[in-house]
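The residues making up each chain are set out below.
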Amino acid sequence: MIKSNDGERLRNPSVVIIGAGMTGLLLTIKLREAGITDVTLLEKTDRLGGTWRENTYPGVACDIPAHMYTYSFESNPGWKHRFAHGNEIQAYFERVGRKYGVTNSIRFNEAVTSCTYARGQWTIETSKQQTLTADFVINCTGILHHPTKPDIKGIERFQGAMFHTAQWDHSVPLEGKRVGIIGTGSTAAQVIPEVAKQAQKLSVFQRTPQWIIPLGNKKISEKQRESLRKNPNKLRRLRLAYEWGLSQLLTKAVTGAKLQNALFNFICKRNLALSIKDPVLRKKLTPDYKVGCKRIIINTTFYPAMQRDNVDLVTDGIVEITEKGIKTADGKEHELDALVLSTGFDPTAYMRPMNMVGKNDLHINTAWQDKVQNYRSMCTPGFPNNFLMLGPNTPIGNYSVIAMSEVQCGYILKVLEQWRAGDFDEIDVKPSAVSQFADYMRAGMKNTVWVGGCQSWYLDKDGDPILWPYSWARWEQEMAQPDYEDFNLQSFAAQKTSAPAEAGVCETL
Ligand code: NAP
């Protein structure tokens with residue numbers, strides 16, 4: 001038991017956080033700051049960083065401005081590029097992990113194999129044959145981390161090197177080689193210019209073209225960084241300017257604002273017209289859907305790369321992969337030494353294949369068999385005392401998921417406060433609340449560009465977007481406060497005792 005500032009006795013929950021990426025790190029820091037000391041962070045690999053640890057492909061960067069793709073409580077005047085490179089972001093999270101004393105406490109190389117709930121308690125089993133119990137489990141397992149290998153005939157026959165962008169094989173030299181890249185999404189737009197510099201010939205296999213906003217990745221000089229270091233207000237203003245730009249222009253453009261959408265339509269079309277000289281190539285690169293229907297690419301290097309002599313844009317459909325390369329619908333066989341799959345991710349796998357079992361033996365695969373749907377993106381009925389960070393209906397197109405997850409973190413902390421005060425032992429969202437939330441999402445989707453007839457990872461198997469269809473301001477407002485009417489709350493007669501809090505943050509009784 002610990003005491004709050006006003007002397008009230010508070011329970012100290014045991015919390016297991018799964019995954020030491022951006023959200024796992026955030027939750028661990030914020031829970032500890034709130035005086036919750038019994039926090040165990042489990043990470044399946046040997047390093048924190050999540051997506052930024054995994055994605056090491058050439059050109060990897062974040063197309064959200066770096067000064068905004070930063071925790072609000074840990075600004076970074078030291079970013080070296082407007083859009084930070086992957087290794088800069090990885091270094092940032094590692095620094096934050098060390099600074100807040102998280103890294104030393106992470107249980108690395110320990111994957112969660114199963115989580116089972118019964119009567120106010122989760123039992124967690126790990127790949128090291130360890131069993132833990134916890135009052136709460138928070139899945140910080142990420143969205144885009146299950147690489148999709150395309151289901152193309154003959155793919156297993158290819159004799160050259162083949163790997164997905166998220167599993168880049170750095171032992172394969174691409175200099176002077178004939179390289180193929182399948183896909184032209186956000187990842188490919190970053191990879192292609194880098195590979196094009198090395199390869200003897202690069203064949204880009206495009207199924208659908210993309211709209212691109214021409215915002216370059218300018219370097220931030222040491223002088224500018226020094227100025228930001230010395231002037232925190234300047235740093236704050238820079239962040240606010242980016243937040244304004246993304247929330248008022250880009251997210252509005254994709255969620256129904258006609259003026260903003262027209263502006264980005266104009267920018268992207270003009271970019272294509274001015275950047276691509278050859279009308280045949282330009283036609284091949286012209287999408288037939290609205291700007292923003294697929295995630296908008298922000299980049300100035302893709303179009304120049306596509307016009308290099310050693311780069312070939314292949315738009316004839318892939319018929320099969322052979323031992324030597326790729327056969328396309330025009331009958332041509334493109335011979336390749338290496339094949340890069342920039343074919344995206346399964347965005348609705350979330351914490352799976354973990355064996356997650358809620359109340360009454362409800363398995364997560366059963367709960368989600370018809371549709372992957374959560375209440376406020378975080379809560380699944382039948383899975384009490386559990387939250388999913390960055391679950392369905394979290395992203396808003398190109399907005400920062402760090403900002404979005406900080407709001408989710410605040411929400412979880414409020415629920416935990418109520419638990420600590422002893423108001424309940426079990427909190428389980430009502431199925432009716434999930435249905436209402438789904439109706440609310442559907443109502444908003446009608447106005448978005450995501451339902452504009454294109455295919456993208458934004459859509460689930462029924463064609464429903466898994467994004468937040470409203471403004472950033474609404475996300476902040478509506479996720480600020482838990483509505484306990486939407487939950488079944490239960491107390492169990494014989495109270496469980498939790499591990500006592502470590503001294504230091506709150507007063508120990
Ligand atoms: P993606 O956007 O899902 O793109 C996958 C690409 O592969 C598409 O061009 C797709 O074509 C193509 N493809 C898939 N299967 C294919 C097949 N069987 N045959 C031919 N083409 C096939 O994946 P991504 O580029 O990895 O990006 C995913 C998301 O990651 C982004 O939208 C973004 O949210 C995030 N990301 C962010 C950044 C950043 O800077 N912040 C950078 C990279 C990625 P179709 O379009 O025809 O389906």
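Quick summary incoming for the structure in this document. As the structure is a prediction and not an experimental result, all values here were calculated from the model. (Residues numbered from 1 in each chain as written. Predicted model: local features only at pLDDT ≥ 70, side-chain atom pairs only at ≥ 80, totals over all residues. Heavy atoms only, no water.)

1. Some details on the pattern of salt bridges
Once the charged atoms of two side chains with opposite charge are near each other, the side chains can pair. Our working rule: Counted as salt bridges are all cases of a side-chain nitrogen of Lys or Arg within 4 Å of a carboxyl oxygen of Asp or Glu. Counting from the N terminus, the helices are the DSSP runs of H or I reaching at least four residues and the strands are the DSSP runs of E reaching at least two.
As enumerated under the stated definition, the model contains 26 salt bridges in all. Across the pair Arg157 and Glu320 runs a salt bridge, and its minimum N-O distance is 3.2 Å. With Arg157 in the loop between strand E8 (136-139) and strand E9 (161-164) and Glu320 in strand E15 (residues 318-321), this residue pair connects regions lying 163 residues apart in the sequence. The salt bridge partner of Glu426 is Lys359, with a shortest N-O separation of 2.6 Å. Here Lys359 lies in the loop between strand E19 (355-357) and helix H10 (364-367) and Glu426 lies in strand E21 (residues 426-429), a separation of 67 residues in the sequence. Salt bridges sharing partners connect three or more residues here, namely Glu222, Arg225, Glu226, Arg229 and Lys230.

2. A look at the sheet that holds strand E17 (residues 333-335)
This is how it is decided: One bridge is not enough; two strands pair if DSSP finds at least two bridges between them. Working convention: axes come from line fits to C-alpha atoms, limited for helices to the stretch in contact. Angles between N-to-C directions cover 0 to 180 degrees.
Pairing is antiparallel in the open sheet, where three strands are placed in the order E15-E16-E17. A strand with exactly one partner marks an edge of an open sheet, and here the two such strands are E15 and E17. Across the sheet, the mean angle from the axis of one strand to that of its neighbour is 25°, orientation sign disregarded. In the sheet, E15 pairs with strand E16 (residues 325-328) via three bridges, with the strands oriented antiparallel. Each residue of the ladder has a partner; that of Ile321, found in E16, is Ile326.

3. As for the packing of helix H1 (residues 22-33) against helix H3 (residues 86-99)
Where we set the bar: Here is the rule for angles: anything less than 35 degrees is roughly parallel, anything more than 145 is roughly antiparallel, 65 through 115 is roughly perpendicular, and the remaining ranges are oblique. Two helices crossing with the near one rotated counterclockwise from the far one by less than a right angle form a left-handed crossing, whereas a clockwise rotation gives a right-handed crossing. Two residues form a contact once any of their heavy atoms are found within 4.5 Å. Asp, Glu, Lys and Arg are counted as charged, while Ala, Val, Leu, Ile, Met, Phe, Trp, Tyr, Cys and Pro are counted as nonpolar; the rest, among them Gly, fall into the polar class.
Between H1 and H3, the least distance of the axes is 11 Å, while the angle of their chain directions is 20°. As far as their axial angle goes, H3 and H1 are roughly parallel. For the element pair H1 and H3, the recorded crossing hand is left-handed. Residues Met22, Leu25 and Ile29 of H1 form the contact with H3, whose participating residues are Phe93, Val96 and Gly97. Looking at the contact of H1 with H3, its residues break down into five nonpolar, one polar and no charged.

4. Focus: helix H4 (residues 186-198)
Definition in use: The reported bend at a residue is simply the angle between two axes, fitted to the 7 residues ending at it and to the 7 residues beginning with it. Only protein chains enter the area calculation, which uses a 1.4 Å probe; residues under 20% of their type maximum are buried, those over 50% are exposed, and those in between are partly exposed.
For H4, the principal kink sits at Ile192 and spans about 30°; a proline, Pro193, occurs within the next four residues. Along H4, the residues that are buried comprise Thr187, Ala188, Ala189, Gln190, Val191, Ile192, Pro193, Val195 and Ala196. Tucked inside the fold, the buried residues of H4 contact strand E10 (178-182), strand E11 (201-205), strand E13 (297-298), helix H9 (302-306) and strand E14 (311-314).

No statement about biological role is implied by the geometric values presented.
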